[in-house]
Amino acid sequence: QQGPSEAGAGSGSTTFRDYTQVPREMDQRFEKLDVDAALRPTIIKPSDTWTKRAQKALLAKPTMETLRKDEQKRERDAAFDLLDALTKSGGLAVSHASLHIVVAATHCFDKTVTETIIQDNTNPIDKVERSTLIMATTVHQQPVAALISESQLPRVGTVSPMLFLQDRSSDSSA
């Protein structure tokens, strides 16, 4: 659940981030920076049946198997048992491994795209871009300026100035 934080990676000291807190951090950032209140947390629910693709050996033909709830538990337990054996119950570090986490949010529009453009004279792409940047700054723990092209800074600063105010307040508190 924890690993070296990207924020601490370049400073020489290793800090750890509790990835179980990312959804809470995201909600806090939504409340603070989403002036339209258009972002909603999204719960991803995997289906009850999964499809497992495997090969018994490197040159063997791939096989497919449908896994129901009890088979999923068996496979998950087998994977954790293997990880436990390879790391000697956590005694050995797992170098060069990647952890992938999926975090989702839904951007809700009050009006259709056409109504937003014609009636409100607003570009809906700017609103979605703001939502994406709120999520990206939270996940990557980087300021907006570090995540977008320098040539886009003035445009994004004009349509979403609150994102840059957040960066300045973070800089002054450091």
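Refer to the structure above for everything that follows.
Bear in mind the structure is a predicted one, so any value in this text is a computation, not a measurement.

Thresholds, definitions, all that
- Residues numbered from 1 in each chain as written.
- Predicted model: local features only at pLDDT ≥ 70, side-chain atom pairs only at ≥ 80, totals over all residues.
- Heavy atoms only, no water.
- Axes fitted to C-alpha atoms, helices over the stretch in contact; angles between N-to-C directions.
- Helix = DSSP H or I, 4+ residues; strand = E, 2+ residues; numbered from the N terminus.
- Parallel < 35°, antiparallel > 145°, perpendicular 65-115°, else oblique.
- Left-handed = near helix turned anticlockwise from the far one by under 90°.
- Contact = heavy atoms within 4.5 Å.
- Nonpolar A, V, L, I, M, F, W, Y, C, P; charged D, E, K, R; others polar.
- Salt bridge = Lys/Arg side-chain N within 4 Å of Asp/Glu carboxyl O.
- Buried < 20%, exposed > 50% of the residue type's maximum accessible area, 1.4 Å probe, protein only.
- Expected span 1.5 Å × (residues − 1).

Before going further, it helps to examine the packing of helix H2 (residues 22–33) against helix H5 (residues 124–140). Axis separation between H2 and H5 bottoms out at 10 Å; the angle between their running directions is 140°. Regarding the angle of H2 to H5, the classification is oblique. The crossing of H2 and H5 is right-handed. On H5, the residues that touch Glu 25, Met 26, Arg 29, Phe 30 and Leu 33 of H2 are Arg 130, Ile 134, Met 135, Thr 137, Thr 138 and Val 139. Among the residues making up the contact of H2 with H5, the classes are represented as six nonpolar, two polar and three charged.

Let's shift gears to the pattern of salt bridges. Considering all chains together, one arrives at 10 salt bridges under this definition. Here Arg 17 and Glu 25 are joined by a salt bridge, their closest N and O atoms 2.8 Å apart. According to the relative accessible area criterion, Arg 17 is buried, its value standing at 6%. Salt bridges sharing common partners tie together Lys 52, Glu 65, Arg 74 and Glu 75.

What follows concerns helix H3 (residues 69–86). Under the 1.5 Å per step criterion, the end-to-end length of H3 is 26 Å for 18 residues, consistent within 8% with the ideal 26 Å. Remark: Lys 88 follows H3 within two positions and exhibits a positive phi of approximately 50°.

Note that all results are geometric; they support no functional claim without further evidence.
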